[in-house]
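Single-letter residue listing:
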Amino acid sequence: MAETIGFIGLGIMGKPMARNLAKAGYALVLYNRSRGAVDELVAELPNARAAASPAEVAALAETVIMIVPDSPDVRDVVFGSKGLIESVNDKTLLIDMSTIAPGTAVEVHDAVVARGGAFLDAPVSGGDKGAIAGTLSIMVGGSDEAFQRAMPYFEAMGKTIVHVGGPGAGQTVKACNQIAVAVNIAGLSEALVFGAKAGVDPAKVLDVLGGGLANSRVLETRGPGMIKDQFVPGFRVDLHRKDLNIILTTAREQGSPLPVTAIVSQLMDSVSVAGNGDLDHSALMTAIEALAQIRVSE
């Protein structure tokens, strides 16, 4: 009989991640705030069924994975009405793959462990394409015992899987990732706008940058869309903006000045205020374009 995994959060990332677990042979118990995504997967996957609450998910599955938008959403799933914590016992493994504040991860870890369960914070990188392909990078905080127990599930969803430390460490490393990606997008945006303003073909700029030290995964995966004004979301501006807010708050608390990240965060804010928060985070370039009064795609 197939092992049953609970899965909570069936958005742009969660839905393909759940599909990959099903492909790996696991039965699924699904919960999502909007029922449509649950009904879709239950109809699609023979070994999937719906649950009425997070508590029911944890009652039906010893291992529960969740990926929801923000720290308040995690707290609501765990501690809210009919929350997961009601059903946590000494057999429970809760894996949170959301991107949230490290302090929230530690708070949830302590609550789960107090009831005899195990907890891992395991945020991911790779966007929707990585989620679909099962090639996500997964950075994991928590005990080694829990990490080893979770490895088969991680291997069904990701390719680069690293145990980075104790509770909260996964979220800290994800914050490092989000800093580097945001600053990279900003730098590429400035390069493309600078070149376009001087009359150079943006496609030629990408060709040259891609062949030297300036090359990056951001350039490879986002550059082609940026020069065509195509910002179909793989990771939305508002989600990256949320991450940068978490990072800057945590940085102030621990005394880590992040001046460049702070500027990029303000640029993300301006894109969202302009009504483009649902676009891909590479739409940060539109803020640079507005400052320079030029469209790279024209």
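Read on for an overview of the structure. (Residues numbered from 1 in each chain as written. Predicted model: local features only at pLDDT ≥ 70, side-chain atom pairs only at ≥ 80, totals over all residues. Heavy atoms only, no water.)

1. Looking at the overall build of the protein chain
Reasoning step 1: Assigned secondary structure in the protein chain consists of 13 helices and nine strands.
Reasoning step 2: Structurally, the protein chain occupies a C-alpha span of about 65 × 45 × 35 Å along its principal axes.
Reasoning step 3: Looking at the protein chain as a whole, 53% of its 298 residues qualify as buried.
Reasoning step 4: In the protein chain, the proportion of contacts linking residues at least 24 apart, taken out of those at least 6 apart, comes to 65%.
Reasoning step 5: When the 24 basic and 32 acidic side-chain charges of the protein chain are each reduced to a single mean position, those positions are 4 Å apart. (Helix = DSSP H or I, 4+ residues; strand = E, 2+ residues; numbered from the N terminus. Buried < 20%, exposed > 50% of the residue type's maximum accessible area, 1.4 Å probe, protein only. Contact = heavy atoms within 4.5 Å. Lys, Arg positive; Asp, Glu negative; His and termini not counted. Charge placed at Lys NZ, Arg CZ, Asp CG, Glu CD.)

2. Details of helix H13 (residues 285-292)
Reasoning step 1: When we look at burial in H13, the residues that qualify are Met-285, Thr-286, Ala-287, Ile-288 and Glu-289.
Reasoning step 2: Where the residues of H13 are buried, they touch helix H8 (169-197), helix H10 (217-226) and helix H12 (259-276).
Reasoning step 3: Once H13 ends, the next one or two residues include Gln-293, with phi positive near 55 degrees.

3. Digging into the packing of helix H4 (residues 71-79) against helix H5 (residues 102-114)
Reasoning step 1: At a minimum axis distance of 10 Å, the contact between H4 and H5 shows a crossing angle of 10 degrees. One element, H4, and the other, H5, form an angle in the roughly parallel class. Contact residues: Ser-71, Val-74, Arg-75, Val-78 and Phe-79 in H4; Thr-104, Glu-107, Val-108 and Ala-111 in H5.
Reasoning step 2: Of the residues that constitute the contact of H4 with H5, the class distribution is five nonpolar, two polar and two charged. (Axes fitted to C-alpha atoms, helices over the stretch in contact; angles between N-to-C directions. Parallel < 35°, antiparallel > 145°, perpendicular 65-115°, else oblique. Nonpolar A, V, L, I, M, F, W, Y, C, P; charged D, E, K, R; others polar.)

4. Structural notes on the environment of His-163
Reasoning step 1: Considering the arrangement of structural elements, one finds His-163 in strand S9 (residues 158-165).
Reasoning step 2: Sequence separation of His-163 and Asn-89 is 74 residues, and the distance between their C-alpha atoms is 24 Å.
Reasoning step 3: For His-163, the contacting residues outside a window of four places in its chain are Val-140, Gly-142, Ser-143, Asp-144 and Phe-147.
Reasoning step 4: At 2.7 Å, the side chain of His-163 forms a polar contact with the backbone oxygen of Gly-142.
Reasoning step 5: Within the structure, the side chain of His-163 is placed 3.2 Å from the backbone oxygen of Gly-165, a separation counted as a polar contact. (Polar contact = N/O pair within 3.5 Å; in protein donor to acceptor, adjacent residues only side chain to side chain.)

5. Considerations on the environment of Val-273
Reasoning step 1: Its location among the elements puts Val-273 in helix H12.
Reasoning step 2: Along the chain, Val-273 and Asp-90 lie 183 residues apart, while their C-alpha atoms are 46 Å from each other.

6. Some words on the nonpolar core
Reasoning step 1: One finds Met-17, Leu-21, Ile-95, Met-97 and Phe-154 to be the most contacted residues of the largest nonpolar core, which totals 37 residues.
Reasoning step 2: Taken together, the elements giving at least two residues each to this core come down to strand S1 (4-8), helix H1 (14-23), strand S2 (27-31), helix H2 (35-44), strand S5 (93-96), strand S6 (118-121), strand S8 (136-141) and helix H7 (144-157).
Reasoning step 3: No other element matches H7, which puts eight residues into this core.
Reasoning step 4: Not counting residues up to four positions away in its chain, the partners in contact with Phe-154 are Ile-95, Met-97, Leu-120, Ala-122, Ile-138, Val-140, Phe-147 and Ile-161.
Reasoning step 5: Judged by nonpolar contacts, the second largest core, of 30 residues, contains Ala-186, Val-218, Val-237 and Ala-287. (Core = buried A, V, L, I, M, F, W, Y, C linked by side-chain atoms within 4.5 Å.)

7. Considerations on unusual backbone geometry
Reasoning step 1: Of note in this structure, Asp-229 is not a glycine but carries a positive phi near 60 degrees.
Reasoning step 2: Summarising the element assignment, Asp-229 is placed in the loop between H10 and helix H11 (237-254).
Reasoning step 3: Asp-229 sits in the partly exposed class, given a relative accessible area of 30%.
Reasoning step 4: The backbone of Gln-293 shows a phi angle near 55 degrees, a positive value even though the residue is not glycine.

8. Some words on the side chain of Ser-125
Reasoning step 1: Mapped onto the secondary structure, Ser-125 falls in strand S7 (residues 124-125).
Reasoning step 2: A polar contact is formed between the side chain of Ser-125 and the side chain of Asn-177, at a distance of 3.4 Å.
Reasoning step 3: When sequence neighbours within four positions are dropped, the list of residues in contact with Ser-125 reads Leu-136, Ser-137, Met-139 and Asn-177.

9. Here we look at the pairing of S5
Reasoning step 1: Burial along S5 is two-sided: the face carrying Leu-93 and Ile-95 and the face carrying Leu-94 and Asp-96 are both buried.
Reasoning step 2: Note: strand S4 (residues 63-66) against S5, four bridges, orientation parallel. When the bridges of S5 are listed, Val-64 appears paired with Leu-94.
Reasoning step 3: Relative to S6, S5 is paired through four bridges, and the arrangement is parallel. From the neighbouring strand, Asp-96 faces S6, where its bridge partner is Asp-121. (Pairing = 2+ DSSP bridges.)

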